[in-house]
Amino acid sequence: MRSPMVPQNLKRRILKDGLRKNEQRDDAFRRIIRSVPKGRVSTYGKVAAAAGYPLYHRAVARLLRNAPLHGLPWQRIVGAGGEIKLKGEAAAEQRLRLTMEGVKFRGKRVNMEIYEHPIRSWETHD
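Residues numbered from 1 in each chain as written. Predicted model: local features only at pLDDT ≥ 70, side-chain atom pairs only at ≥ 80, totals over all residues. Heavy atoms only, no water.

*Asks:* Whenever I open this one, the environment of Phe29 confuses me. Can you help?
*Replies:* With respect to the secondary-structure elements, Phe29 resides in helix 2 (residues 23-34). Note: C-alpha distance between Phe29 and Val60 (31 residues apart in sequence) is 6.7 Å. Once residues lying within four places of it in the same chain are set aside, the contact partners of Phe29 are Val47, Ala48, Ala51, Tyr53, Tyr56, Ala59, Val60 and Leu63. (Helix = DSSP H or I, 4+ residues; strand = E, 2+ residues; numbered from the N terminus. Contact = heavy atoms within 4.5 Å.)

*Asks:* Quick question: what am I supposed to make of the pattern of salt bridges here?
*Replies:* Opposite charge on two side chains permits pairing when their charged atoms draw close. One pass over the full model with this rule turns up 9 salt bridges. For Arg30, the salt bridge identified is with Glu23, shortest N-O distance 3.8 Å. We classify Arg30 as buried; its relative accessible area is 17%. Its salt-bridge partner being Arg30, residue Asp27 comes within 2.8 Å of it at the nearest N-O pair. Of the two residues, Asp27 and Arg30 both sit in helix 2, 3 residues apart, roughly one turn of that helix. Salt bridges here are not isolated pairs; linked through shared partners, they connect Glu23, Asp27 and Arg30. (Salt bridge = Lys/Arg side-chain N within 4 Å of Asp/Glu carboxyl O. Buried < 20%, exposed > 50% of the residue type's maximum accessible area, 1.4 Å probe, protein only.)

*Asks:* Sorry if this is basic, but what is going on with helix 2 here?
*Replies:* Count 3.6 residues to each turn of an α-helix, and residues three or four apart come out pointing the same way. Relative to the 16 Å expected for 12 residues at 1.5 Å per residue, helix 2 spans 16 Å between its end C-alpha atoms, a close match to the ideal helical length. Here helix 2 has its buried residues at Arg25, Asp26, Ala28, Phe29, Arg30, Ile32 and Ile33. With a side-chain oxygen lying 3.2 Å from the backbone nitrogen of Gln24, the N-terminal cap of helix 2 falls on Asn22. (Expected span 1.5 Å × (residues − 1). Polar contact = N/O pair within 3.5 Å; in protein donor to acceptor, adjacent residues only side chain to side chain.)

*Asks:* Even after reading the chapter, I still don't get the packing of aromatic side chains, so can you show me in this structure?
*Replies:* How two aromatic rings sit relative to each other is given by the distance of their centres and the angle of their planes. Tallied over the full model, the rule gives 2 aromatic pairs. The interplanar angle of 75 degrees and the centroid separation of 5.8 Å between the aromatic rings of Phe29 and Tyr53 together place this pair among those described as edge-to-face. Of this pair, Phe29 sits in helix 2 while Tyr53 is found in the loop between helix 3 (44-50) and helix 4 (57-66), placing the two residues 24 residues apart along the sequence. When its relative accessible area of 0% is taken as the criterion, Phe29 is described as buried. For the ring pair Tyr53 and Tyr56, a centre distance of 5.8 Å and an interplane angle of 70 degrees mean the geometry is edge-to-face. (Phe/Tyr/Trp six-rings, centres within 6.5 Å; stacked < 30°, edge-to-face > 60°.)

Next up, the structure:
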């Protein structure tokens, strides 16, 4: 599913802002990622939106790529439509970890109808 049309200048500003260090935003992303239970998945975009940062899916990916991952179930976050976005050995490890949690794939994609964890919107978080 494609994002709604976003003006190019806003898109550039979001991309640039997503590269800046922001502990409050990253903590919100971590909190949402930790809420995804074993055997379920969510997407970069849904994590960002649930944390209160819609359109910051690339910042979620950057966090998972650059942050220490101990205690963070990084393998449970996939691309839109259930696709593993990592490459090479990292992709194989993510698929193995998810398979070990009981997640089944349809070809190269997680079956999102079955395994997607519904995340509450940031508006309803306490």
